[in-house]
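Summary of structural features
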Amino acid sequence: MQRTTLNYLAGYKVLAVCALLCVLPGLVAAADLQVPATVQAGQGFSISAEGSGQATFYLIGPDHVVKRTVNLGGDLQVQSSDVHAAGRYQIILCGSPCTSTSFEVKAAQPAHLSFFLHPSRVPVSTHDSIDATAFVFDQYFNLDLAAAAVDFRVTPASGAGFSRQVPARHGVSTIRMDSTQHEGPVHVTAALGKVEEARVVQQVAAEACGLRMKAFPGANNTIIVETDPVRDCSGNALPDGTVVSFTQVDKAGKSTVDTPIKKGIARAQLSVRGSAQITVACGVVLGNELALSGRL
Amino acid sequence: MKIATKLNVALRPACLAIAAFALALGPLALGLPALGQESTQSQSLPQVHLNADGLAPRPIEELTGTTIARYYALAWHEMAGALESGRTSALSDEFIGVAKERLTRRVNEQRQTGIHVRIVDHGHNLKAVFYSTDGAAMQLFDQAQLEIQTFDGDKLLDTQTVPHQYMILMTPGADRWYIRDLEEVEVSAKSF
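In this text the structure is predicted, and so the values were computed from the model without any measurement. (Residues numbered from 1 in each chain as written. Chains lettered and ligands numbered in written order. Predicted model: local features only at pLDDT ≥ 70, side-chain atom pairs only at ≥ 80, totals over all residues.)

Residues and elements named next belong to chain B. Of all nine residues that make up strand β6 (residues 177-185), eight are buried, and the element is covered over most of its length. Bridging between strand β5 (residues 164-172) and β6 involves eight bridges; their strand directions are antiparallel. Bridging from a neighbouring strand, Thr171 pairs with Tyr178 of β6. Taking the residues between adjacent antiparallel strands as the criterion, β5 and β6 are bridged by four residues. (Buried ≥ 20, exposed ≤ 12 C-beta atoms within 10 Å, placed from the backbone. Helix = DSSP H or I, 4+ residues; strand = E, 2+ residues; numbered from the N terminus. Pairing = 2+ DSSP bridges.)

Shown next as structure tokens:
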């Protein structure tokens, strides 16, 4: 009798093992979810999901969530539109029980350059005065962290241009450049493969250089003081509107007349009685000095 | 007189309760933060530690660093709230541009599919790696200690406790720093 009971128990054990073996393929299928470690943005792919029956498939990405019922035992398609955003995606397959895995979507080929050129106006011949920064994005506006190098091409209005290739670091390429010698627009183009983005920086004359004035009689006991054409050290004319200061020191004290440059020169009318000293300045630059002794 | 005094004594606790209630709810009615609300919020913000050593080409000012850490913490607080509640209204202005579009879309799709995500935030180590000379953009990497639980309805589907690394682009606004791009990237020690 005891032996019969033991036989029955052994039989149940065999049945239990058989039942477990029947269930296991489903579990193994869930555990064997095979996905690529990395995927390029916008490229669909398939996942092998072994087993049988139905399961719920979840795809959770940075900007997209998919939930659908799938049949196990075949390939599960992940559409290209499901993986536009770069980042980590989670896949969960819920039969019984749930199993999950993740993969990374990396940026596709560079398609956009977000290009910043600073400042918009810069004096000529100034060291490290122009900053150019390019962010490399793919067509889905994912930052391309693996971008190689950006070519910065500089084309001044006059004179020879130049280009520099700057390696990108974490999708960002930046360069600091000197302004060239001549005033006028300078075109700076950031290029990576077929992608180009252009900006313009306006180069303006630097500080005045060799500032000189002369004086001649005006009407009613006045004198006219007038500068030579005001230029910087590279020969670029300072823009009209730049303020030039004429300072007169005489017995009455000190008086200053600020006047803007018009058509390249600055001019002022001063009332002088007796001897006087007149100086001229533009910004931080001092020009020549005139000593008047009551008459010219 | 005695009756009035007794009434006063009897009503005093009720008056105090009403006054306290008014103090607490009054500001809400006016659209102002209620007493203690700000401190509660700051207590629930995740810990953010910013490292800006060797930042180039422009060094960071101390106030800028403090502001960035604060708004980054606020952004994570809001993002976690939106992903758990399924409400895009939980997102204010901490995200902008592509980052906001992506997050809004995800929250909407989560709600439509019945999924919600709970983020248990154990803190962020931010490393600033690029700050443009004109101060218009900053790139950072974040090593975040997160526990991410994914639910379908009430059913817990998955829990992730692995470290996460994010690349962030931030730009300054009038009174704050905005997250313009937030991408989870492969965890590597290179950025730190």
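Past the structure itself, the notes keep going.
To continue, consider the interface of chain A and chain B. Of the residues lining the interface, 29 residues belong to chain A; the matching set on chain B comes to 26 residues. Within the residue set of the side of chain A that touches chain B, elements represented by two or more residues are β3 (54-60), β4 (65-71), β6 (87-94), β7 (98-106), β8 (110-118), β10 (130-138) and β13 (172-177) of chain A. Among the residues forming the side of chain A that touches chain B, the class breakdown is 14 nonpolar, nine polar and six charged. (Contact = placed C-beta atoms within 7 Å. Nonpolar A, V, L, I, M, F, W, Y, C, P; charged D, E, K, R; others polar.)

This part covers the environment of Phe45 of chain A. Residues and elements named next belong to chain A. Tracing the backbone through its elements, the reader meets Phe45 in strand β2 (residues 45-49). Sequence separation between Phe45 and Gln79 is 34 residues; the distance between their C-alpha atoms is 6.8 Å. When sequence neighbours within four positions are dropped, the list of residues in contact with Phe45 reads Pro36, Val39 and Val78.

All names here are of chain A. Position of Thr155 relative to the elements: it lies in strand β11 (residues 149-156). You can call Thr155 partly exposed: it has 17 C-beta atoms within 10 Å. Other than its neighbours up to four places away in sequence, Thr155 contacts Gly161, Val186 and His187.

This part is about the domain arrangement of chain A. Residues and elements named next belong to chain A. Taken domain by domain, chain A holds domain 1 (2-106), domain 2 (110-204) and domain 3 (213-293). With centres defined by C-alpha atoms, the gap from domain 2 to domain 3 works out at 41 Å. With six residues of domain 2 at the contact, the number on the domain 3 side is four residues. Per-class residue counts for the side of domain 2 that touches domain 3 are two nonpolar, three polar and one charged. (Domains from an automatic or database assignment.)

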